[in-house]
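Next come the chains, spelled out residue by residue.
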Amino acid sequence: MNKFILLSVILFSAVIGFSQPTVSFTKIGTFGLMDDITDIVSAGDGSGRLFIVEQRGTIRIVNDLGSNNYSLESDFFLDIQTLVTFSGERGLLGMAFHPQYPDSPYVYVNYVRSGSGNTRKNRISRFTLNSSDPNDLLEGSRRDIIEI
């Protein structure tokens, strides 16, 4: 019995000694403009921008101005509301930057769209960054990768 208690104390001490690091978050708010956020992504390009995916079919950019000061870009990074079926668990669901972004200026998005009849289709499409504006994807550059 004493060995069991000693083993329990040792294991408990080990768990306490290897606890997870403390994580803190800074609340940036939604600027009263964003609804039904499905994803938040960083480009990993050092710009400090966050890309906010909205279920309705838009992606917005939040700029980190430092000192807990953030600004929302007035224009959409991507607006494909006409392609997206938005209701319940359907809509623009997520995005990912190409692994070599910005050298490979592609962004992939996953969304649900209406098919023929009463069917719904899940689609992944690739969009190209506007070479003259890093805050704009070219809606006309859409290339469908897969549709299920």
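Here we summarise the structure given alongside this text.

Thresholds applied
Residues numbered from 1 in each chain as written. Predicted model: local features only at pLDDT ≥ 70, side-chain atom pairs only at ≥ 80, totals over all residues. Heavy atoms only, no water. Phe/Tyr/Trp six-rings, centres within 6.5 Å; stacked < 30°, edge-to-face > 60°. Lys NZ or Arg CZ within 6 Å of the ring centre and 35° of its normal. Core = buried A, V, L, I, M, F, W, Y, C linked by side-chain atoms within 4.5 Å. Buried < 20%, exposed > 50% of the residue type's maximum accessible area, 1.4 Å probe, protein only. Helix = DSSP H or I, 4+ residues; strand = E, 2+ residues; numbered from the N terminus. Pairing = 2+ DSSP bridges. Axes fitted to C-alpha atoms, helices over the stretch in contact; angles between N-to-C directions.

A word on the packing of aromatic side chains. One pass over the full model with this rule turns up four aromatic pairs. Counting every residue linked through ring pairs, the aromatic cluster contains Phe-51, Phe-77, Phe-97 and Tyr-101. Stacked on the ring of Tyr-106, the Lys or Arg Arg-126 has its end atom at 3.9 Å from the ring centre.

Soluble globular proteins: nonpolar side chains tend toward being buried together. By size, the foremost hydrophobic cluster in this structure holds 20 residues, and its most contacted members are Phe-51, Ile-59, Phe-77, Ile-80, Met-95, Phe-97 and Val-109. Going through the elements one at a time, strand E2 (50-54), strand E3 (58-64), strand E6 (92-97), strand E7 (106-114) and strand E8 (120-129) are the ones with two or more residues in this core.

Strands sit in the order E6-E7-E8-E9 across an open sheet of four strands; the sheet is antiparallel. A single partner strand is all that each edge strand has here, and the edge strands are E6 and strand E9 (137-147). For this sheet the average axis-to-axis angle between neighbouring strands, irrespective of direction, equals 30 degrees. Bridge count for E8 against E9 is six bridges, and the pairing is antiparallel. Residue pairing in the sheet places Thr-128 in a bridge with Leu-138 of E9.

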